[in-house]
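Close look at the chain arrangement
As a plain string of letters, each chain reads:
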Amino acid sequence: MQNTHQIPESRRCEPAKLYKKSSFVDVYAALQFLRNGENFCDIKLETGENNVIFAHKVVLASASPYFYAMFTNFSERNSELVVLKQIDSTALQLLVNFIYSGEIMITEKNIQVLLPAADFLQLQEVTEACCDFAQTLLCPNNCIGIYAIADLHGCAKLLTSSELYIQQHFSEVVGGKEFLSLSSEQVVRLISSDKLIVPSEEKVFESVIRWVKHKLGSRKCILPQLMEHVRLPLTSKSYISKKVVEEPLIKNCLKCKDYIDEAMHFHNIHKSEKLIPQNIRNKPRHGDKVILVVGGYDNEYRKITEWYDPKMDRWNYGPEMITSRVNTGVCVVNDNLVFAVGGYNYQGEPLRSVDMLDLTSDSLCWKPSVDMLVKRSNLGVGAINNYIYAVGGYNDNDRILNSAELFDYNTQEWRMIKSMSTKRCDLGVGVLNNILYAVGGSIPQSDTVECYYPSLDTWNPVAKMSVHRRTAGVGVLNGVLYAVGGHNGFKCLSSVEAYTPSTGVWTTIADMHMPRHLAGIVALDDLLYVVGGEDETSFLDSTECYNPKTNTWSLVAASMNHERTSIGGVAFNRPRHFKNGFHS
């Protein structure tokens with residue numbers, strides 16, 4: 001049978017049109033108008049202050065999971081009045097207005113009542129907006145209170161940022177009133193953190209004494225528990241003798257005297273360069289570490305520095321150097337002073353000069369330090385107990401050196417020390433157990449290694465590497481000395497070997513992903529990073545890291561902003577002025 005109801009061809013092809021309202025602002029306005037006039041309102045919300053707010057159940061339920069559950073599953077669905085004593089009246093008024101208007105004004109005055117109320121009513125958007133705003137308010141006087149609020153209401157992002165702020169601004173935070181109100185458990189959690197950033201461990205000791213004295217009667221019994229987490233061996237011997245020993249609270253605490261004895265014993269064995277027993281109290285705090293690379297060359301002589309944030313996997317520009325330096329030696333002294341030692345300038349001249357970057361300074365700029373006694377490029381540099389050692393390198397007329405010198409940061413003077421047994425430039429230097437290792441160097445002696453004992457002012461030979469290496473990277477990680485890549489006189493190397501003092505032998509480990517020499521080597525968070533350098537044909541902007549637990553190398557996703565070779569690298573606690581996107 002023929003279908004007499006078929007759609008005509010012209011109508012079957014006619015397009016459809018979907019109309020969407022461009023804005024809900026007028027709908028919000030209409031609902032707000034109805035609420036203000038108490039039209040069609042079927043619920044009244046009353047707070048503990050007896051303030052009454054008129055609303056529509058369907059509107060509240062559409063925005064808040066709390067109200068949805070109340071008006072669908074509980075007895076309030078048939079009620080015309082609901083009493084909410086748990087919520088501040090001002091906060092409730094603001095939140096109901098938000099539900100009807102989509103707008104809310106968060107201020108420093110109302111956030112303390114607004115955040116708990118938004119969390120209670122499960123208004124996630126407002127809760128997140130409050131947390132974001134609270135982050136902008138963080139300061140030494142309120143960060144502990146903000147941390148407590150974030151913890152109470154499960155605001156993970158705010159909890160993390162406020163904890164990080166407390167750790168990075170510890171010195172200022174412990175001087176405020178909020179610190180004195182912390183519980184003993186909270187103080188322990190704070191001072192035991194490896195990520196605590198302090199100018200010196202003395203500040204931690206002084207903060208503990210201040211906290212205990214605030215309520216001496218109830219807190220003095222907790223002092224031994226707190227002193228367990230003060231890294232007293234990391235303070236100076238004179239500070240222990242003059243300040244810690246003479247503190248009346250310590251004098252009257254038998255257990256605390258044990259910690260003093262431990263610290264003094266640490267200093268005594270520290271001086272003799274014996275193996276230091278591992279203990280949480282003599283372990284330096286790590287803080288939130290970053291990598292800084294200095295100097296180098298990429299067809300231009302570079303004054304720019306770059307730093308790498310491993311958490312963000314991002315390279316950022318750092319403060320510009322005073323002098324262009326290629327093949328400079330870089331080290332950190334006193335946990336907050338970066339030194340760039342020697343190298344050569346854009347004219348190819350070896351340098352005596354030294355530049356310094358104070359990481360605690362508000363200006364965060366490089367400044368001249370004391371010149372070395374000898375011009376040195378392609379040298380090795382290491383730091384032991386606030387002494388800087390500059391080893392080998394070459395001088396004017398490409399004369400290779402076996403001499404070495406020492407900079408005493410306390411006296412601000414350089415002096416010559418015992419010369420190496422071998423002339424070395426393009427060597428690598430590593431510090432392990434307070435012993436300085438000079439690794440490889442120019443042909444033909446590049447497989448040899450020797451070590452320097454500061455207390456004896458002597459160099460002793462160490463087992464040879466398995467291959468010749470010059471311009472290799474040398475790093476120390478978890479008690480092991482690594483020689484990474486380099487050049488053997490014929491080709492660039494991807495091979496790596498490791499030396500452990502207890503065995504006295506070099507062991508070959510996994511190869512890098514690519515051959516490289518003249519790279520920066522940095523140990524950070526149980527990984528060994530190799531940054532930049534060059535292969536047989538080009539300068540590199542890549543980084544890879546070695547995990548000794550798995551004996552594997554991994555390429556880091558982020559590349560430096562510039563390909564560069566002949567660079568120096570160091571790791572340190574991230575200064576507060578180092579921010580992602582920072583430019584000098």
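Notes on the structure follow. Just so we're clear, the structure is a prediction, and the values are computed from it rather than from any experiment. (Residues numbered from 1 in each chain as written. Predicted model: local features only at pLDDT ≥ 70, side-chain atom pairs only at ≥ 80, totals over all residues. Heavy atoms only, no water.)

**Observations concerning the overall build of the chain**
In terms of regular secondary structure, the chain is built from 18 helices and 27 strands. A globule of 584 residues ought to have a C-alpha radius of gyration of about 25 Å, yet the chain, at 32 Å, is considerably larger. Referenced to the eigenvectors of the C-alpha coordinate spread, the extents of the chain come out at roughly 100 × 90 × 45 Å. Relative to its full complement of 584 residues, the chain shows a buried share of 50%. Contacts in the chain between residues at least 24 apart in sequence constitute 55% of all its contacts with a sequence separation of at least 6. (Helix = DSSP H or I, 4+ residues; strand = E, 2+ residues; numbered from the N terminus. Rg over C-alpha atoms; globule rule 2.2 N^0.38 Å. Buried < 20%, exposed > 50% of the residue type's maximum accessible area, 1.4 Å probe, protein only. Contact = heavy atoms within 4.5 Å.)

**Concerning the pattern of salt bridges**
Throughout the structure, instances matching the rule amount to 13 salt bridges. Taking the shortest distance from any N to any O, the salt bridge between R564 and E306 comes out at 3.4 Å. With R564 in the loop between β26 (552–555) and β27 (568–573) and E306 in strand β5 (residues 305–309), the pair connects residues that are 258 residues apart, well separated along the chain. Across the pair, exposure class does not vary: R564 and E306 are buried alike. Note that D355 is salt-bridged to R325, the shortest N-O span being 3.3 Å. (Salt bridge = Lys/Arg side-chain N within 4 Å of Asp/Glu carboxyl O.)

**A word on the packing of helix α8 (residues 143–152) against helix α9 (residues 156–168)**
The geometry of a pair of packed helices is captured by two quantities: the angle between their axes and the separation between those axes. The geometry of α8 relative to α9 is characterised by a closest axis approach of 9 Å and an angle of 155 degrees between their N-to-C directions. Taken as axis vectors, α8 and α9 run roughly antiparallel relative to one another. The element α8 and its partner α9 pack so that their crossing is left-handed. Here α8 contributes C143, I144, I146, Y147, A150 and D151 to the contact with α9, which in turn contributes L158, L159, S162, E163, Y165 and I166. Residue composition of the contact of α8 with α9, by class: nine nonpolar, one polar and two charged. (Axes fitted to C-alpha atoms, helices over the stretch in contact; angles between N-to-C directions. Parallel < 35°, antiparallel > 145°, perpendicular 65-115°, else oblique. Left-handed = near helix turned anticlockwise from the far one by under 90°. Nonpolar A, V, L, I, M, F, W, Y, C, P; charged D, E, K, R; others polar.)

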